[in-house]
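Understanding the architecture of this molecule
Now for the letters of each chain:
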Amino acid sequence: MGKIIAIANQKGGVGKTTTTVNLAASLGVLEKKVLLIDADPQANATSGLGIDVDKVEIGTYQLLEHTKSAKETIITTDSPNLDLIPSHIDLVAIEIELVDKDEREYMMKKAIIDLKDDYDYILIDCAPSLGLLTLNALTAADSVIIPIQCEYFALEGLGKLLNTIKSVQKIHNPDLDIEGLLLTMYDSRLRLSNQVVEEVRKHFSEMVFDTIIQRNVRLSEAPSYGESIIKYDASSKGATNYLNLANELLKKNKETV
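Computed from a prediction, not measured in an experiment: that's the story for all the values here. (Residues numbered from 1 in each chain as written. Predicted model: local features only at pLDDT ≥ 70, side-chain atom pairs only at ≥ 80, totals over all residues. Heavy atoms only, no water.)

The buried fraction of strand 2 (residues 34–39) amounts to 6 of the 6 residues, a majority that puts the element mostly inside the structure. Here strand 2 shows a buried face lined by Val34, Leu36 and Asp38 and a second buried face lined by Leu35, Ile37 and Ala39. Here strand 2 pairs with strand 4 (residues 82–85) via 4 bridges, running parallel. In the sheet register, Leu36 faces strand 4, and the bridge partner there is Leu84. With 6 bridges connecting them, strand 2 and strand 5 (residues 121–126) associate as parallel partners. Paired with Val34 across the strands is Tyr121, a residue of strand 5. (Buried < 20%, exposed > 50% of the residue type's maximum accessible area, 1.4 Å probe, protein only. Helix = DSSP H or I, 4+ residues; strand = E, 2+ residues; numbered from the N terminus. Pairing = 2+ DSSP bridges.)

Following the criterion strictly, the structure yields 1 aromatic pair and no others. Look at Tyr225 and Tyr232: their rings are 5.1 Å apart centre to centre, the planes differ by 25 degrees, and that puts the pair in the stacked class. Owing to a relative accessible area of 55%, Tyr225 belongs among the exposed residues under this scheme. Tyr232 gets classed as buried once you look at its relative accessible area, which sits at 18%. A cation sits over an aromatic face here: Lys252 above Phe209, 4.7 Å from the ring centre. (Phe/Tyr/Trp six-rings, centres within 6.5 Å; stacked < 30°, edge-to-face > 60°. Lys NZ or Arg CZ within 6 Å of the ring centre and 35° of its normal.)

Taken across its 7 residues, strand 8 (residues 208–214) has 5 buried, putting it largely inside the fold. Of the pairings in the sheet, the one linking strand 7 (residues 177–186) to strand 8 comprises 3 bridges and is parallel in character. Across the sheet, residue Tyr186 finds its bridge partner in strand 8, namely Gln214. On the question of chirality, the crossover connecting strand 7 to the parallel strand 8 by way of helix 9 (residues 191–204) is right-handed. (Right-handed = clockwise from strand over helix to strand, strands pointing away.)

Let us look at a nonpolar patch on the surface. A cluster of nonpolar side chains, Tyr152, Phe153, Leu190 and Leu192, forms an exposed patch at the surface whose accessible area comes to about 440 Å². Topologically, Leu190 is positioned in the loop between strand 7 and helix 9. (Patch = residues over 30% accessible without salt bridge, like charges linked within 9 Å, V, L, I, M, F, W, Y side chains within 5 Å. Areas by Shrake-Rupley, 256 points an atom, 1.4 Å probe, with all protein chains shown as cover. Salt bridge = Lys/Arg side-chain N within 4 Å of Asp/Glu carboxyl O.)

By the element assignment, Glu65 lies in helix 3 (residues 60–65). If we ignore the near neighbours within four places in the chain, the residues touching Glu65 are Ile94, Glu97, Leu98 and Lys101. (Contact = heavy atoms within 4.5 Å.)

Attention now goes to the packing of helix 7 (residues 132–140) against helix 8 (residues 158–171). It is the contact of helix 7 with helix 8, at a shortest axis distance of 10 Å, that shows an interaxial angle of 55 degrees. Here helix 7 is positioned oblique relative to helix 8, judged by the angle of their axes. Once helix 7 is placed against helix 8, the crossing between them reads as right-handed. Contacts between helix 7 and helix 8 involve Leu135, Leu138 and Thr139 from the first element and Thr164, Ile165 and Val168 from the second. Within the contact of helix 7 with helix 8, the residues separate by chemical class into 4 nonpolar, 2 polar and no charged. (Axes fitted to C-alpha atoms, helices over the stretch in contact; angles between N-to-C directions. Parallel < 35°, antiparallel > 145°, perpendicular 65-115°, else oblique. Left-handed = near helix turned anticlockwise from the far one by under 90°. Nonpolar A, V, L, I, M, F, W, Y, C, P; charged D, E, K, R; others polar.)

Another point: the side chain of Thr211. Within the element layout of this structure, Thr211 appears in strand 8. At 2.7 Å, the side chain of Thr211 and the side chain of Glu248 are in polar contact. Setting aside chain neighbours within four positions, we find Thr211 in contact with Leu182, Asn241, Asn244, Leu245 and Glu248. (Polar contact = N/O pair within 3.5 Å; in protein donor to acceptor, adjacent residues only side chain to side chain.)

In C-alpha cells form, the structure reads like this:
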C-alpha cells in the first residue's frame, strides 16, 4: 500500500514544485515506484519533467472531473520508476466546475484511491493557494510536506496553512499527518537564512526535516531543460540535497534504503 504525500504552501516561490519533482525523481532512483500528480494549473511539474504542456490532452482536469479513470491519465516519464498525471492551464476552470458538485472536496481521493496499490509513493504538487484544488489534495493525502523558504517572510502565512490543515483533519481527513517542514533556498552566507532556520527549528522542532535544500544554480537551471536535478546534474549540491531528503523520508517511514 503506497503513501500519498501532498506538497503544499499557499505562498508562491518557496520551492514547492522543485521539491515535488526532485523528491519524486530521487525516490525513483532509490528504486521506489512513484507517481507525481500535477495539481497546479501552471503545470510547472509537468514541463519540469520534459512533457510539452501544450500537447497534454488528458490529465488532472479529467481525473477530477471523473471523465477518465486515473489509469487513463497516467503517462510515463524519462526518469526511472516515475510516472506522471500531467496538468494543463485548463485546470484553472476546475474550481468553478466543481463548486456545485456533491462531495467536491473528495474528487481526487475517489479518483486515486485504487492507485495506492500500484505505487510506493504518490506525490501531489499543489497550487499556490488554499482553494478547492489544494483542499482536494489534502483530503486525498496521508501526509503533507510544507516547503519553507529561508527568507524574511518565511513564516508569514504558515499559521494560515496549518489552520487549513487542522480544518481538513477535523472535517474531511482525520488521518492527515504533517510529514514535515522542509527548509528551502538556504544560503549559509546570509545571516537571515540562519536566523530563519533557527526560528523554524525552535518553534517546530521535530516537525522539521534535518535535510535543508540549499540555493543551487544547477537546481534553478534543470527545469528549463525539462529534467530533474538527478538527471541534469547528479553530482550537484541540489541533487545531493534531494537524495538526502528522499533517504530521510524513507527512514521516517521505516523503509530500508
